[in-house]
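Chains, contacts and geometry: an overview
So the chains spell out like this:
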Amino acid sequence: MAEHPAYPVGLRLTGRRVVVLGAGQVAQRRLPALIAAGADILLVSPEATPSVEAMADAGEITWEKRPYAEGDLANAWYALIATSDPEANTAASTEAERNQVFCVRSDDADQATAWTPATGHSEGVTVAVLTTDARGRDPRHTAAIRDAVVAGLRDGTLVAPHHRTRTPGVALVGGGPGDPDLITVRGRRLLAEADVVITDHLGPRDLLAELSPNVEVIDAAKLPYGRFMAQEAINNALIEHAKQGKSVVRLKGGDPFVYGRGMEEVQALAEAGVPCTVVPGISSSISVPGAAGIPVTHRGVAHEFTVVSGHIAPDDERSLVDWPALARLTGTLVILMGVGTIGKVAETLIAHGKSPDTPVAVVQEGTTAGQRRVDATLATVAETVRTQEVKAPSVIVIGEVVDVGPKRHA
Ligand SMILES: C[S@@+](CC[C@H](N)C(=O)[O-])C[C@H]1O[C@@H](n2cnc3c(N)ncnc32)[C@H](O)[C@@H]1O
């Protein structure tokens, strides 16, 4: 008999009885998706893997601890036959055939009346991949196709524009510390779908090169030294483009709400009635030390870490930071935007009791090709930054955690 291709369909199983026979690795792999589909699951099996047991304990499935018996499929809409007993599997699929219940069989795809596709999800879409006939079944190949499609949708390399659900507005996207691989999958997808991207000089600038030529890229660089575009002008640009019905991405370094003025933009957009969504990003305050081999906390060494802006010196009357209190903390201090003020900061911390020998590391352009780490102590850091010509953007880490990583070679 000529083999016809399988007919793909999405079963809506909410509240409908699904019978699962056997509770080994196959059932363990398939059960979460059946639970997620809201199925009323009856599991029949004398034993179960610990993780299937946990699903029964949590009340996600009903487990009858016994072998398959004729009649188990009586009220089923769908069955998964996966016991280790071939005779039970055959008997159960005979019952399924008689009752006109579609069933998958883990031991014999030829005898099954349904096949489970390799599935994956990305932002409201389920990708399901099936081979066309039982003889050509190659589960690794279908899984690899599924992986490629899902990964492409997630990272934006496979661009499928939304025609019905896409709403114009602004996405405030945290781009991570600089390495283009360190943006979130959601951020990358929104970037790939954008009409307009408004960027800073920080963050994953390499990603801009991947944008299609019809995407308008606007540089809102707020350079620490030199020219800068006023925040108001950025807000206006976001609002104007969004009001023209375009999808706008505001791409920021790190996380939008860590010294990113993200909330000012959210407020301006709200006042203008422009819809806005925020996509968190990996902040340089944690990831840049990590990329240089420094954990911001370490058991037995630092039980807290404090992120501080160094852009205003401690003796400046505009400073909101309680430096004497910071000097008393035993944990890690992470200073952003502190290259220009590190001398005064170190002096102040020492004056309020921090040991001059406290280890300090300065990590410049972390996670990028230009990353470098310079080590010092609180007493020497200002001089080291000057002689080594350390520049922004840099993260300064002060505390014993600086020395806990494996010794470096250079
Ligand atoms: C205006 S703040 C923005 C912080 C950002 N929102 C975040 O969460 O990482 C800019 C400062 O972040 C730090 N920074 C950001 N990216 C960095 C990187 N790749 N390497 C070193 N420091 C970085 C520097 O201290 C820089 O002066």
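All of these numbers come straight from a predicted model, not from anything done at the bench.

A few words now on the domain arrangement of the protein. Partitioning the protein into domains gives domain 1 (17–116), domain 2 (169–282) and domain 3 (285–403). Each side of the interface is counted separately: domain 2 has 9 residues, and domain 3 has 12 residues. A per-class count over the side of domain 2 that touches domain 3 returns 7 nonpolar, 1 polar and 1 charged.

Let us look at helix α4 (residues 139–155). For α4, built from 17 residues, the straight-helix expectation of 24 Å at 1.5 Å per residue is met to within 8% by its first-to-last C-alpha distance of 24 Å. Of all the residues in α4, the buried ones are V150, L153 and D155. On its buried side, α4 packs onto β6 (118–122), β7 (125–129) and α5 (185–193).

Right, let's get into the sheet that holds strand β4 (residues 78–81). Sheet architecture is open: 5 strands sit in the order β3-β2-β1-β4-β5, paired in parallel fashion. Unpaired on one side and paired on the other, β3 (62–64) and β5 (102–105) mark the two borders of the sheet. Each adjacent strand pair in this sheet contributes to an overall mean axis angle of 15 degrees, direction not counted. Pairing of strand β1 (residues 17–21) with β4 involves 4 bridges; the strand directions are parallel. Within the sheet, the bridge partner assigned to V18 lies in β4 and is Y78. Packed on one face of the sheet, helix α1 (residues 25–36) meets β1, β2 (40–44) and β4 and runs near 170 degrees to β1.

This brings us to the sheet that holds strand β14 (residues 332–336). Ordered in space as β13-β14-β17-β15-β16, the 5 strands form an open sheet in which the pairing is mixed. Only two strands of the sheet have a single neighbouring strand rather than two, namely β13 (305–309) and β16 (372–377). Each neighbouring strand pair of the sheet contributes to a mean axis angle of 20 degrees, computed without reference to strand direction. Where β13 meets β14, 5 bridges bridge the pair, whose relative direction is parallel. Considered in β14, the bridge of V307 is made with V334. Running over the sheet, helix α8 (residues 284–291) touches β13, β14, β15 (359–364) and β17 (394–398) and is turned about 80 degrees from β17.

Neighbouring the ligand are 26 residues; G254, V258, S283, S284 and G366 lie closest to it. Of all the secondary structure elements, the ones that give two or more residues to the shell around the ligand are α8, β15 and β17. Broken down by class, the residue content of the shell around the ligand amounts to 11 nonpolar, 12 polar and 3 charged. Two domains each put at least three residues into the shell around the ligand: domain 2 (169–282) and domain 3 (285–403).

The next point concerns α5. Along α5, the residues that are buried comprise G187, R188, R189, L190, L191 and A192. Those residues of α5 that are buried are in contact with α4, β8 (169–174), β9 (196–199), β11 (247–252) and β12 (276–279).

All right, on to the nonpolar core then. Judged by nonpolar contacts, the single largest core of 34 residues is most densely connected at V360, A361, I396 and V397. If you list the elements that add at least two residues to this core, you get α8, α9 (323–328), β14, α10 (342–351), β15, α11 (381–387) and β17. Setting aside chain neighbours within four positions, we find A361 in contact with A292, I294, R373, D375, V397 and V402. By size, the runner-up hydrophobic cluster in this structure holds 31 residues, among which are L21, I41, M55 and A92.

The rules behind the values
- Residues numbered from 1 in each chain as written.
- Predicted model: local features only at pLDDT ≥ 70, side-chain atom pairs only at ≥ 80, totals over all residues.
- Domains from an automatic or database assignment.
- Contact = placed C-beta atoms within 7 Å.
- Nonpolar A, V, L, I, M, F, W, Y, C, P; charged D, E, K, R; others polar.
- Helix = DSSP H or I, 4+ residues; strand = E, 2+ residues; numbered from the N terminus.
- Expected span 1.5 Å × (residues − 1).
- Buried ≥ 20, exposed ≤ 12 C-beta atoms within 10 Å, placed from the backbone.
- Pairing = 2+ DSSP bridges.
- Axes fitted to C-alpha atoms, helices over the stretch in contact; angles between N-to-C directions.
- Near = placed C-beta within 6 Å.
- Core = buried A, V, L, I, M, F, W, Y, C linked by C-beta atoms within 7 Å.

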